[in-house]
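Tertiary structure, described
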Amino acid sequence: MAEYDDIILTEEEKEAIKQNAPDKMPINPTAMGWTAQQIRNKTSAFVTGTTKSILKLFEDKNTIVKGHFDTNRIKTLNFETFLSNSFGHIENGEKLYKVEFYNGLGTISSSLTFDGTRLIMTLGGVEYLLALTKGGNVFDDEQTFNGNVFIKGVLDMFSQKITNLQAGVNDGDAVNKAQLDTKEDSSNKVIEFQATPTDEAYISEKLAKDSLDLKVPKVTTIMSIDLQNNITRVEVLDALLEATEIDRGYMSAIDKQRLNALHALLGEGGDGDAFVNTINEVLAIFNSYPEGTNLLNWLNDKVDKIVGKGLSTNDLTDVLKDHYDSAYTHSRVTDSNPHATKFNDLLVKPITLAGFGIGDAYDKDYINALEDYNGWQSTLLTPTALVSTDTILTATLAAKDKLTFICKNLTTGEIDTDELVGSSIVTGAKLVFFDNAAVYFTVGATDSTFTEDGTYELTIVGFNVETQNAVDVDYDNTDSGLVGTNVKVAIDE
């Protein structure tokens, strides 16, 4: 009991005795200057000293025990407090022989005594027998207890029952039958769902969790639609959106109308009229034509039918048709002179090249203007094509009236050409090929150099001009019918 805890040695009391023990003296007290009397005093103080000794502690605890015995021998209870059921209780194991009750004035109102066999209540000088006991505190008579009854042991009802038990409210309260009837019977617990469910069976916590784990949480969304309630058709359509040329979606009303129109145009199952107005009817007409037939060309070769005219008779006479056929055949001749017509047979002879039908030839004036530039003679100056850092004498280049440079890409086969003419062939002139700054030709004072990156070669052709006179150039007049046999005479004619 907590009220008797002061009888027990505390840790502080134990530590005080230990600190006063002889083992706290120096190992060799004499060497430390202790006298024999000091050593005896220290040793005896641990056992019989006035403080922190075993004897002193024993005396103190004895006094405490006696005080508890004297105080708790008789319990004094206020009678009014007793009647209000809040007077407390007597602990199991206490030696109780008499309990006296006092009123508020301090006068003894009643007493409760126990002689070892009987429990007697004395009230107003009259004794009332409350109970007779046998071994184990068994009450023979039926008793009514208006106050609190405290039982610290097993309550054996000997096959009897407790009646009129109030419903428990707080932790530790007993519960009555009505409360128990509201509880589930553990025999009705199921760990898996039954084929035929009943109102009595209830599921285990694990079965409930396993079942819930198979469900989709309501916070889950489908295309941003939550599962808090039924998903409506409008929500689905808003989430899907209409299909576009890029994104998939649902077919709009306009697209459905267009699909219906296309289906009608196909003519699936026939259209119920006698006209060719569906794609299937058109395909049926051309079903016998081989693939690759150009129907449009065939149709373009036909003429529209004119009312009143037919193609069943030949409106031309046979003689006139023969003339037409002969004229057509004659007009198709392009490689001969069917009538053997000569230039001198012409009534009006042409006097210009245009009159002869020659449109891409130079006339006399143009030839005379180029008289000093006739007779180009070409020379290959690089029998072996130049590659990177190869050179050619600049004097060789300067001896020509015109230079043609032919640069070839050895990887792709591509060719780039350039020219230097007359006064352009000077020291410092530079030609860049393929718009590639790493591929170029430079005219030097003594040598001219070709530079490239290993995939190009350069060929150089030189040209000289020799003056030629038209009178010295022979002319073949077999086909023209002219008299002259040299260019000058032929031009003059």
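Let me sum up the structure you'll find in this document. Keep in mind it's a predicted model, so treat the numbers as computed, not measured.

1. Observations concerning helix α11 (residues 318–331)
Across its 14 residues, α11 extends 20 Å between first and last C-alpha, which sits within 8% of the 20 Å expected from 1.5 Å per residue. In terms of burial, α11 is a largely surface element, zero of the 14 residues being buried.

2. Quick look at unusual backbone geometry
Located in the positive-phi region is Thr389, a residue other than glycine, with phi close to 70°. Along the polypeptide, Thr389 turns up in the loop between β10 (376–380) and β11 (391–393). Among the residues examined, Thr389 registers a relative accessible area of 56% and is labelled exposed.

3. Examining the side chain of Asn409
Position of Asn409 relative to the elements: it lies in strand β12 (residues 402–409). Reaching out from Asn409, the side chain makes a polar contact with the backbone nitrogen of Thr411 at a distance of 2.8 Å. Non-local contacts of Asn409, meaning those with residues more than four positions away in its chain, are made with Glu414, Phe434, Thr455 and Tyr456.

4. Describing the pairing of strand β17 (residues 456–465)
The pairing of β10 with β17 spans five bridges and is antiparallel. If you follow Ser378 over to β17, its bridge partner there is Phe463. Pairing of β12 with β17 involves eight bridges; the strand directions are antiparallel. The residue of β17 that forms the bridge with Lys402 is Phe463.

5. Quick word on the pattern of salt bridges
Following the criterion strictly, the structure yields five salt bridges and no others. Across the pair Asp255 and Arg258 runs a salt bridge, and its minimum N-O distance is 3.5 Å. A residue pair is termed a helical-turn pair when its members lie 3 or 4 positions apart in one helix, as Asp255 and Arg258 do in helix α8 (residues 253–266) at three residues. Salt-bridge contacts for Lys402 lead to Glu419; the nearest nitrogen and oxygen are separated by 3.8 Å. Taken together, the positions of Lys402 in strand β12 and Glu419 in strand β13 (residues 415–421) put the pair 17 residues apart, joining distant regions of the chain.

Procedures and definitions
- Residues numbered from 1 in each chain as written.
- Predicted model: local features only at pLDDT ≥ 70, side-chain atom pairs only at ≥ 80, totals over all residues.
- Heavy atoms only, no water.
- Helix = DSSP H or I, 4+ residues; strand = E, 2+ residues; numbered from the N terminus.
- Expected span 1.5 Å × (residues − 1).
- Buried < 20%, exposed > 50% of the residue type's maximum accessible area, 1.4 Å probe, protein only.
- Polar contact = N/O pair within 3.5 Å; in protein donor to acceptor, adjacent residues only side chain to side chain.
- Contact = heavy atoms within 4.5 Å.
- Pairing = 2+ DSSP bridges.
- Salt bridge = Lys/Arg side-chain N within 4 Å of Asp/Glu carboxyl O.

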